[in-house]
Amino acid sequence: LLQLLEGRLDNVVYRMGFGSTRAEARQLVSHKAILVNDKTVNIPSYQVRPGDVVSVREKAKNQLRVRGALDLSASRAPVSWVEVDANKMSGVYKSVPE
């Protein structure tokens, strides 16, 4: 059950630091600000698979809330199952968490 919850797109966006809270991450997904493998996905419960690339759309990269969330996420402990490139505002879901 925990693996399914951690694999939800809204949670992955939060873990990558694109949203400062899970609610904000959910809103980013539903407002079509997130791409999965270069395709727009607006379903927060979408199950991300290992190897999927999650990124922020070009239009949303300039939003202050996304930039602020990335700054805030630097102070949180990183998780091992995601790899994030803050400069490109993209990340890879490496594996299912244990």
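Described in the following lines is the structure provided in the data block.

Definitions and limits used
Residues numbered from 1 in each chain as written. Predicted model: local features only at pLDDT ≥ 70, side-chain atom pairs only at ≥ 80, totals over all residues. Heavy atoms only, no water. Core = buried A, V, L, I, M, F, W, Y, C linked by side-chain atoms within 4.5 Å. Buried < 20%, exposed > 50% of the residue type's maximum accessible area, 1.4 Å probe, protein only. Helix = DSSP H or I, 4+ residues; strand = E, 2+ residues; numbered from the N terminus. Contact = heavy atoms within 4.5 Å. Pairing = 2+ DSSP bridges. Patch = residues over 30% accessible without salt bridge, like charges linked within 9 Å, V, L, I, M, F, W, Y side chains within 5 Å. Areas by Shrake-Rupley, 256 points an atom, 1.4 Å probe, with all protein chains shown as cover. Salt bridge = Lys/Arg side-chain N within 4 Å of Asp/Glu carboxyl O.

1. Overview of the nonpolar core
(1) Moving on: Among the nonpolar cores identified, the biggest contains 24 residues, and L9, V13, I34, V54 and V56 are the most heavily contacted of them.
(2) Moving on: Elements supplying a minimum of two residues to this core: α2 (9-16), α3 (22-30), β1 (34-36), β3 (53-56) and α4 (64-73).
(3) Moving on: Those residues in contact with V56 that lie beyond four places of it in its chain are F18, A33, I34, K61, V66 and M89.

2. Points about the pairing of strand β4 (residues 82-85)
Where a strand is regular, its side chains alternate between the two sheet faces.
(1) Moving on: With four bridges joining them, β4 and strand β5 (residues 90-93) adopt antiparallel strand pairing. What sits directly across from V82, in β5, is Y93.
(2) Moving on: Between β4 and β5, which follow one another and run antiparallel, lie four residues, and M89 among them has a positive phi close to 55°.

3. Observations concerning the pairing of β5
(1) Moving on: Note: β3 against β5, three bridges, orientation antiparallel. Bridge pairing links V54 to G91 in β5.

4. A closer look at a nonpolar patch on the surface
(1) Moving on: Nonpolar side chains collect at one region of the surface, where L1, L2 and L5 lie side by side and expose about 370 Å² of accessible area between them.
(2) Moving on: With respect to the helices, strands and loops of the structure, L2 is situated in helix α1 (residues 2-6).

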